[in-house]
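Examining the three-dimensional arrangement
Okay, here's what each chain looks like letter by letter:
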Amino acid sequence: GGGVEPSSPVQKVWKPELYKIQLDAPAPHPVRCQRNHSTAEGQEDNNQAVRLYGSEYHGIMGHLEAEQLLSQASDGSYLVRRSPKTDGYHTLSVRFNKRTKHYKVFYKPGKGHYLREQDKHYETVHEMVADGLINFHMQLHASPIIQQINQQTKNCYQQSPYMTLNRRKLRALSNELGGKAAAAVAAVDDCDSSVTLQATQAVQQAPKQQQLPQASDPMPLVYEKPHNFKVHTFKGLNWCEFCANFLWGFTAQGVKCEACGFMAHNKCSELVPPKCVPDLKCIRGVFGTDLTTMVQLHQCHIPFVVRRCVEEVEARGMLQEGIYRVSGFADEIDALKLALDRDGDKTDMSEATYGNVNVIAGTLKLYLRLLPVPLITFQAYPSFMAAGRNAKQTEQLQLMAEAARRLPPAHYSCLQYMLEHLKRVASHYAVNKMNEHNLATVFAPTLIATPQHMTNLTEEIFMLSSLISHCETIFASS
């Protein structure tokens, strides 16, 4: 069974623009001190500063000398100095956008380095500069997007990635809450506690205008529980579940609810309604999580969703006509997604549970489509495309191998695994009618970082088809 391709929104769930902008931010580059800056007086101060800042500490140095030293340096270059006639702080001089900026920098044992007491604290000056450079870069290049984020309203919640990814789970948890409320009503007969009565009446006799239809609100109960948002330093790459934009920065990029795990920009968290569902934390799952983050978390080369789906398709879908082109039913794909998020690698994907192999194939495509950074990443995409345009096959394959080397390890391994699988699927073309070109047509929008508005994927399909056909050669040489 099947029909229209499920869960394939015209727009992708995550917005890549801020992530792409951050990729171009300059990296911190310490300017090492070449001179001996020790003096008899202040020797102890100097030693302490060298211990604190390392070889980028330049001793006593005036504003103009620092400007001169950094004038020819590349963006991101920095040094630490002590301004003449100052006490209690040092000065950080950083080069950005062909100008040098100067900041008073402080250190407190146990707290770290900081510019102002109320600002972020950092373990090293290098981290402080890395974070600062990203923020300068975002202010310079991403202000229209940041302005849009700041002008959002609460109405954005129903269309947020949080709701898109968790709607079915919230509905299931809402039904459980409803069951508990009904049980509480039964308990009132044996107990005259007015508190219990008021609580259950609040759930049961909700004002009509608040009871939204199930389609738009998976939690039709009048359920209120404030989120417990705390500033959080996210490891790996993470996206805001309210506005779908990247959580940029090096540390303290946003906030996370300690109860349910909702991740958001600080500003976005103010618009999130008080509907915290702590039980959701146990079934947050893997769909919509960055691939590198996921692989590090599970200590594996290939995400279990990809491995399990591929194994299932290879066991019983290789001779299925139109495999990967014919879609499974959307609600069955949604049910399997929920099971994989909840039960992980232990999920029962047997034929007895999911008789239609197109549901497995559709779930794999959905997983890959929900990756915030596509399998062929934004950075590697131009190299792959340039390779695909080369008419000489030997050179084309050589360039494709070079492009593959530009991928992060998790993307490299997973792409190789997927391409080798698709090559095996194509080897049964006589029966399943899916050759390399047909498979590339289906997978191009899913695997490649194509621009949002782009509809003509002819070149991408040709390139991906070539990748499938020659994957052994390409990955053997890379």
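Residues numbered from 1 in each chain as written. Predicted model: local features only at pLDDT ≥ 70, side-chain atom pairs only at ≥ 80, totals over all residues. Heavy atoms only, no water.

**Notes on the sheet that holds strand β8 (residues 254-257)**
Taken in spatial order, the three strands of this open sheet run β7-β8-β9, and their pairing is antiparallel. Strand pairing shows two members of the sheet lacking a second neighbour, β7 (229-232) and β9 (263-264), which therefore form its edges. Where β7 lies against β8, four bridges are found, and the strand directions are antiparallel. Note that in β8 the partner of K230 across the bridge is K256. (Pairing = 2+ DSSP bridges. Helix = DSSP H or I, 4+ residues; strand = E, 2+ residues; numbered from the N terminus.)

**Quick notes on the pairing of β8**
Examined bridge by bridge, β8 and β9 share two bridges and lie antiparallel to one another. Within β9, the residue paired with V255 across the bridge is A264. A loop of five residues connects β8 with β9, the two strands running antiparallel in sequence, and G261 in this loop sits at a positive phi of about 90°.

**Comments concerning the layout of surface pockets**
Volume-wise, the largest pocket comes out at about 640 Å³. As for the largest pocket, its lining consists of 33 residues, of which N238, K256, M263, G285 and T289 are closest to the centre. Counting residues per element, the ones that place at least two in the lining of the largest pocket are α6 (161-188) and α9 (291-298). Ranked by residue count, the leading element in the lining of the largest pocket is α9, at five residues. Of the residues belonging to the lining of the largest pocket, the class tally is 13 nonpolar, twelve polar and eight charged. (1 Å grid on protein atoms, 1.4 Å probe; cavity = no way out; pocket = protein on both sides within 12 Å on 5 of 7 lines; lining within 4 Å. Points joined across faces, edges and corners; volume = space filled by probe spheres on them. Nonpolar A, V, L, I, M, F, W, Y, C, P; charged D, E, K, R; others polar.)

**Section: unusual backbone geometry**
What you tend to see is this: most non-glycine residues have negative phi, and most peptide bonds are trans. Within the chain, K85 stands out as a residue other than glycine whose phi angle is a positive 60°. Examined against the element boundaries, K85 turns out to sit in the loop between β3 (77-82) and β4 (90-96). Of the residues examined, K85 reaches a relative accessible area of 88% and is grouped as exposed. Residues other than glycine seldom take positive phi values, yet A252 does so here, at roughly 45°. When you line up the elements, A252 lands in the loop between β7 and β8. Accessibility expressed as a relative area gives 22% for A252, which makes it partly exposed. (Buried < 20%, exposed > 50% of the residue type's maximum accessible area, 1.4 Å probe, protein only.)

**Examining the state of the cysteines**
A full pass over the atoms with the stated rule returns zero disulfides. A disulfide-free cysteine, C156 has its sulfur positioned 8.5 Å from the sulfur of C268, the nearest such atom. (Disulfide = S-S within 2.5 Å.)

**Description of α9**
Along α9, the positions that sit buried rather than exposed are L291, T293, M294 and V295. Looking at the buried residues of α9, the elements they touch are α10 (304-316), α12 (357-369) and α15 (409-426). In this structure D290 caps α9, since a side-chain oxygen of it lies 3.4 Å from the backbone nitrogen of T292. One or two steps after α9, the chain reaches Q299, where phi turns positive at roughly 50°. (Contact = heavy atoms within 4.5 Å. Polar contact = N/O pair within 3.5 Å; in protein donor to acceptor, adjacent residues only side chain to side chain.)

**Things to note about the pairing of β3**
Burial runs high along β3: five of the six residues are buried. Relative to β3, strand β1 (residues 29-30) is paired through two bridges, and the arrangement is parallel. Its bridge partner being in β3, P30 is matched across the sheet by Y78. One ladder, built from two bridges, connects strand β2 (residues 57-60) with β3; its direction is parallel. In the strand pairing of β3, Y57 is matched with V80. What joins β2 to β3 is helix α3 (residues 63-70), and the crossover it makes is right-handed. Note that β3 and β4 share four bridges and pair antiparallel. In the strand pairing of β4, L79 is matched with S93. (Right-handed = clockwise from strand over helix to strand, strands pointing away.)

**Quick look at the pattern of salt bridges**
Counting across every chain of the model gives 17 salt bridges. In this structure, K108 and E117 form a salt bridge, with 3.1 Å as the shortest nitrogen-oxygen distance. Exposure remark for K108: the relative accessible area of 35% places this residue in the partly exposed category. With a relative accessible area of 40%, E117 lands in the partly exposed category. Its salt-bridge partner being E395, residue K392 comes within 4.0 Å of it at the nearest N-O pair. Exposure remark for E395: the relative accessible area of 36% places this residue in the partly exposed category. Linked by salt bridges that have partners in common, R307, R308, E311 and D345 make up one network. (Salt bridge = Lys/Arg side-chain N within 4 Å of Asp/Glu carboxyl O.)

**Things to note about the packing of helix α17 (residues 436-447) against helix α18 (residues 458-469)**
Two elements in contact, α17 and α18, have axes separated by 8 Å at closest approach and are oriented at 115°. In the crossing of α17 with α18, the sense of the turn from one axis to the other is right-handed. For the pair α17 and α18, contact is made by E436, H437, L439, A440, T441, F443, A444 and L447 and by E460, I461, L464, S465, I468 and S469, respectively. (Axes fitted to C-alpha atoms, helices over the stretch in contact; angles between N-to-C directions. Left-handed = near helix turned anticlockwise from the far one by under 90°.)

**Points about the confidence of the model for the chain**
Per-residue pLDDT for the chain has a mean of 85; in total, 86% of the residues score no lower than 70. Below pLDDT 50 for its whole length, residues 3-10 participates in 15 contacts with residues either more than four positions away or in separate chains. In this model residues 184-215 is a low-confidence stretch, pLDDT under 50, and it forms 24 contacts with partners more than four residues away in sequence or in other chains. (pLDDT = per-residue confidence, 0-100.)

**With respect to the nonpolar core**
Counting 114 residues, the largest nonpolar core has Y324, Y367, L368, F384 and L464 as the members making the most contacts within it. Those residues within four positions of F384 in sequence are excluded, and the remaining contacts are I376, M400, A403, A404, L407, L415, M463 and L467. Counting residues in each nonpolar core, the second largest holds 15 residues, with Y53, Y57, L92 and L133 among its members. (Core = buried A, V, L, I, M, F, W, Y, C linked by side-chain atoms within 4.5 Å.)

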